[in-house]
Amino acid sequence: MTAKDKHYSETKDFTRRDFMKLGLGALSGLAVLEMGIGSLQFLRAKSLDGKFGGLFTAGKVDEIPNNSVTEFTDGNFYLVRGKDGGFMALYRRCPHLGCAVEWSESKERFYCPCHASSFDINGDFISQPVPKALDLFEVSFQDGAVLVDTSKVTRREHFSPDQIVYFDA
Ligand code: FES
């Protein structure tokens, strides 16, 4: 074996060892990354409750008056309780270009401050420029409380009575 051959052999051995180390290192790195992502997803799911994109407890059913509109700024929605006691959670986002709509108690309408669209108490559009109703969030009930899931948006063209959710005690 010449000096050149020896050098080649050592380089080859080193490369194999290095490759093994790299492979083990990469596997360890992947495992740590997966654990990190898993932890982040767990924390994310927990931390979204009570924030937009998560689940809101909007109050006890028997404490929310009929024919009322309650704004949840953090959740980006209005909880509407109709005259017959049914619930809807309306996304505050205007379906035109996304401005936050405002509720006018005296006129019983939602208004968009950007281009003057208006919507009735069910979120159905009254005036242009947007011929679409406000989107809905999913409403459910647990232990007598109203829950609004802001991760579940339902887009709709118009209001329809089957969009109202009723509490069944
Ligand atoms: S963003 Fe609401 S009408 Fe344009």
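Residues numbered from 1 in each chain as written. Predicted model: local features only at pLDDT ≥ 70, side-chain atom pairs only at ≥ 80, totals over all residues. Heavy atoms only, no water.

Novice: Quick question: what am I supposed to make of the sheet that holds strand β5 (residues 102-104) here?
Specialist: The strands that make up a sheet pair up through hydrogen bonds in the backbone, lying either parallel or antiparallel. As summarised here, the arrangement of the four strands in space is β5-β6-β7-β8, forming an open sheet in which the pairing is antiparallel. Edge positions in the sheet fall to β5 and β8 (125-127), since each has one partner strand and no second. Direction of pairing for strand β7 (residues 118-119) relative to β8: antiparallel, over a ladder of two bridges. By the bridge assignment for β8, Phe119 is matched with Phe125. (Pairing = 2+ DSSP bridges. Helix = DSSP H or I, 4+ residues; strand = E, 2+ residues; numbered from the N terminus.)

Novice: I keep staring at unusual backbone geometry and nothing clicks. Help me out?
Specialist: Most peptide bonds adopt trans geometry, and most residues besides glycine take a negative phi value. Phi at Asn67 is positive, roughly 55 degrees, even though this residue is not glycine. The residue Asn67 is located in the loop between β1 (55-60) and β2 (68-72) in this model.

Novice: Help me understand the nonpolar core, please; the structure alone is not making it clear to me.
Specialist: Burial of nonpolar side chains together is a common tendency in soluble globular proteins. Counting residues in each nonpolar core, the largest one holds 15 residues, and the members touching the most others are Leu90, Val101, Phe110 and Phe119. When residues of this core are traced back to their parent elements, those giving at least two are β3 (77-81) and β4 (87-91). Discounting residues that sit within four places of it in the chain, Phe119 has contacts with Cys94, Pro95, Val101, Arg109, Phe110, Asp124, Phe125, Ile126, Val130, Lys132 and Leu134. In terms of nonpolar packing, the next biggest core, distinct from the first, is built from 14 residues, Val61, Ile64, Phe72 and Phe77 among them. (Core = buried A, V, L, I, M, F, W, Y, C linked by side-chain atoms within 4.5 Å. Buried < 20%, exposed > 50% of the residue type's maximum accessible area, 1.4 Å probe, protein only. Contact = heavy atoms within 4.5 Å.)

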